[in-house]
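What follows is the residue order along each chain.
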Amino acid sequence: MSDQGTAGATPPLDLLDERLRRGEGPRAALAAILDRIRGGDLGALPIVLGLLVIWTVFQSLNSAFLSSANLVNLLVESVPVGVIALGVVCVLLVGQIDLSVGSVSGLSAAITAVTFVDAGWPMPLALAAAIGTGAAIGWVYAMMVTRLGVPSFVATLAGLLSFLGVQLYLLGRTGAINLPYDSGLVRFAQLAFVPAWLSYVLVLLAAGWLFLTGRSLAAARRRAGLSARSTRLLVARSLAVLAGLGFAAWYLNEARGIGWMFVCFVGLVLATHYALTRTSWGRTLFAVGGNAEAARRAGINVRRTYTTAFVLCSSLAALGGLLAASRLAAANQATGAGDVNLNAIAAAVIGGTSLFGGRGGAFSALLGILVIQSISNGLTLLDLDSSFRFIVTGLVLALAVALDSAARRSRTAHGWA
Amino acid sequence: MSADATGPALSLRRISKNFGAVAALTDVDLEVTPGQVVAVVGDNGAGKSTLVKVLAGVHRADAGTIAFGDREVTIGGPADAHALGVATVFQDLALCENLDVVENLFLGRELRRGRLDEVTMELRSWELLRQLSARIPSVRVPVAALSGGQRQTVAIARSLLGDPRIVVLDEPTAALGVAQTAEVLNLIERLRDRGLGVIMISHNLADVRAVADRVAVLRLGRNNGFFDTAEVSDEDIVAAIIGAADNVVTRRANRERDAGDE
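Predicted model, so just to flag it, every value in this text is computed and none were measured.

J.: Requested: an account of the pairing of strand S1 (residues 10-19) of chain B, with residues and values cited.
T.: All names here are of chain B. Relative to strand S2 (residues 22-32), S1 runs antiparallel, the two being bridged by 7 bridges. Residue pairing for S2: Ile 15 is matched across the bridge by Val 28. Taking the residues between adjacent antiparallel strands as the criterion, S1 and S2 are bridged by 2 residues, where Gly 20 takes a positive phi near 60°. Relative to strand S4 (residues 63-68), S1 runs antiparallel, the two being bridged by 4 bridges. Across the sheet, residue Ser 11 finds its bridge partner in S4, namely Ala 67.

Below you can see the structure in the form of structure tokens.
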């Protein structure tokens, strides 16, 4: 079987134009990647480099940083804000913003605690109440933005204060409600780890799935007479993923292993990635974020698109708050307060989702939260208090936004949008 | 090929549209039958683009009726226009610059087989662009990376995907080079031969003369004459556009003719 498919006498349909500078083989592929980076289409590069720098610095300051035990902790700790950041990605994609995700997550934690502990509701009902409240809040924002024309910046800023107030009111005078340690929620968040053998099975499944979907896409493209990735490249990619994830799983299994909560977060990121890139709903998010008027004239219901984005964002914020409370085994006044809000937005932006709308993806929540959580974790290990954490996180956010703007200018100049 | 080559395909009667105190359109009539190209000409601010937007469902007419054959229709939004088979290429093209060519072509009507069917969409994009003799190197680059002419081609290609009955083109050749202008004019003739009705807004009388069967002149938001292209002179069209036979353009033309006679 030829790796190059239809290549030979007639080039693939999409490579016919004589102006295309495209060669064959790995060198040409590398050159194309370098071209894109120079043009400002940075992809995940800055963030991978940033992570390397951050890890090197903290490891040199404290040798416990890259230990298995600490990384296990880091991953599980990153989940609640990571889930919130995933919602923020959706809102940023349509060119809006939600500044109230922290308050909504805190409110959701309070609702869970009040209904489950104080009122004695069954667990599923309490969870549904919390997440349903989040969805309702998102719907209200969407109505304010689409019907009343309130800028989302202001609508959600108002929400930030109001829902913080509701959270404090619900928690009452004591300001904290403990969740029982033997509840399924707390056990899930604190004690549930994937067995070692299952983690390797999951890694194998991921690599195999990547290869099979890649191969079927390549086969479909070849049948249609379009250019396709060679099987060799697909094998190499899958093997790289297998090696990377396999090593990570092995290293984490040296300690407690991979938390179920983190696995669920990754599953959520993958599901969102699929929805954003493979469904027409996802396409409408990008279209509305890129040019809302053009999307409207193409027959897209722009209001509905905004509404789904806001509802999804607030629902995920509620889910994140729930997980935060489970992790802590308590809902208190600090849940969702402090830097949660900014960390979630910073994670999305640092991960590569543009504040200007229309660019980004689900993986930016995962990558971004790893950066944020690494900084936070490293500074905690160094016994530095939250003042330093705020300063460093703020600086990283400023850097990420500056990079986003610079890359955007460069993209315009180099014609990558 | 056309199902109904005789009856009027689309007729606008006494369409009016106001923006605040400004009457952008007043009692405008327009009619296009299948297999006919109608050019709408007029000076800046004559209401051409407003008329396009009424047809596309971007603006609602304040008064007047739109009818397909004998059936009166309402165009309340872009989706209504799509459903009626009215496809519009706007002057600003209305493309999403962050999306690539395929994504723009199929925006709002993606092909799906469970999930998005990217391969078929890409294939059909190439077929469509080849029909239009379009010179676009890659359909997987963001539209922001394309030149003005290439974007125009993408916008026209997009209008044809939904098998429209009427195609409305707002200054389709304004941004194009010589060869691409000729291609677009060929394309308009092909649309007409397929039995579609074409409404073309243009400033360029040479283009109008090349393809249009009828010319409708707008002036200050009102009809100012309908002409058969075969029987009308450029001077008459210009006079209708500007509003009088004695105006700065005719005076200049006369002066130049006099100078040439000497």
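Don't stop here, the text continues.
J.: Explain the interface of chain A and chain B to me, and be specific about the residues and the numbers.
T.: Every contact between the two is made by 35 residues of chain A and, on the other side, 34 residues of chain B. Interface area for chain A against chain B, summed over the two sides, is near 3,000 Å², with a carbon-plus-sulfur share of 60%. By the criterion of area lost to chain B, the three top residues of chain A are A:Arg278, A:Arg283 and A:Arg297, representing 25% of everything that side buries. Summed over the shared surface of chain A and chain B, the result is 4 salt bridges. Note that B:Glu118 and A:Arg283 form a salt bridge whose closest N and O atoms lie 2.8 Å from each other. Summed over the shared surface of chain A and chain B, the number is 9 residue pairs in polar contact (both at pLDDT 80 or more). For the side of chain A that touches chain B, the secondary structure elements donating two or more residues are helix H8 (196-223), helix H10 (260-278), helix H11 (280-290) and helix H12 (292-297) of chain A. Class assignment of the residues belonging to the side of chain A that touches chain B gives a composition of 16 nonpolar, 8 polar and 11 charged.

J.: Provide a residue-level description of the nonpolar core, including the pertinent values.
T.: Residue and element names in this part refer to chain B. Ranked by internal contacts, the top residues of the largest apolar core, which has 133 residues, are Leu 10, Ile 166 and Ile 199. If we skip the residues at most four places from it in the chain, Ile 166 touches Ala 9, Leu 10, Val 32, Phe 68, Gly 85, Val 86, Ala 87, Gly 197 and Ile 199. Ranked by size, the runner-up nonpolar core spans 55 residues in total, among them Phe 106, Ala 155, Val 184 and Ala 212.

J.: Got a sec to walk through helix H9 (residues 231-253) of chain A? Specific residues and values, please.
T.: The terminal C-alpha atoms of H9(A) lie 32 Å apart, and with 23 residues this matches the ideal 33 Å at 1.5 Å per residue to within 8%. Regarding H9(A), the residues found buried are A:Thr231, A:Leu234, A:Ser238, A:Gly246, A:Ala249, A:Leu252 and A:Asn253.

J.: Tell me about the domain arrangement of chain B, and please be specific about residues and values.
T.: Residue and element names in this part refer to chain B. According to the domain assignment, chain B contains domain 1 (1-85 + 165-261) and domain 2 (95-163). Opposite the 15 residues of domain 1 that make contact, domain 2 presents 11 residues. Taken together, the two surfaces of domain 1 and domain 2 that pack against each other cover about 980 Å², and 58% of this comes from carbon and sulfur. Between domain 1 and domain 2 we count 0 salt bridges in total. For the pair domain 1 and domain 2, the interface holds 0 residue pairs in polar contact (both at pLDDT 80 or more). Elements with a minimum of two residues in the side of domain 1 that touches domain 2: strand S9 (166-170) and helix H6 (178-193). With 6 residues, the top contributor of residues to the side of domain 1 that touches domain 2 is H6. Tallied by class, residues from the side of domain 1 that touches domain 2 come to 8 nonpolar, 2 polar and 5 charged.

J.: Talk me through unusual backbone geometry; I want residue IDs and the actual numbers.
T.: Phi at A:Ala329 is positive, roughly 60°, even though this residue is not glycine. Relative to the assigned elements, A:Ala329 resides in the loop between helix H13 (302-328) and strand S2 (330-332). Positive phi outside glycine occurs at B:Glu171, with the angle close to 50°. Position of B:Glu171 relative to the elements: it lies in the loop between S9 and H6. Judged by its relative accessible area of 11%, B:Glu171 is buried.

J.: Please set out the environment of B:Arg13 residue by residue, giving values where relevant.
T.: Residue and element names in this part refer to chain B. For Arg 13, the location among the structural elements is in strand S1. With 228 residues separating them in the primary sequence, Arg 13 and Ile 241 have C-alpha atoms 20 Å apart. Excluding residues that lie within four positions of it along the chain, Arg 13 makes contacts with Val 28, Asp 29, Leu 30, Glu 31, Gly 64 and Thr 65. A distance of 2.9 Å separates the side chain of Arg 13 from the side chain of Glu 31, its partner in a polar contact.

The rules behind these values
Residues numbered from 1 in each chain as written. Chains lettered and ligands numbered in written order. Predicted model: local features only at pLDDT ≥ 70, side-chain atom pairs only at ≥ 80, totals over all residues. Heavy atoms only, no water. Pairing = 2+ DSSP bridges. Helix = DSSP H or I, 4+ residues; strand = E, 2+ residues; numbered from the N terminus. Contact = heavy atoms within 4.5 Å. Buried area = accessible area lost by both parts, 1.4 Å probe. Salt bridge = Lys/Arg side-chain N within 4 Å of Asp/Glu carboxyl O. Polar contact = N/O pair within 3.5 Å; in protein donor to acceptor, adjacent residues only side chain to side chain. Nonpolar A, V, L, I, M, F, W, Y, C, P; charged D, E, K, R; others polar. Core = buried A, V, L, I, M, F, W, Y, C linked by side-chain atoms within 4.5 Å. Buried < 20%, exposed > 50% of the residue type's maximum accessible area, 1.4 Å probe, protein only. Expected span 1.5 Å × (residues − 1). Domains from an automatic or database assignment.

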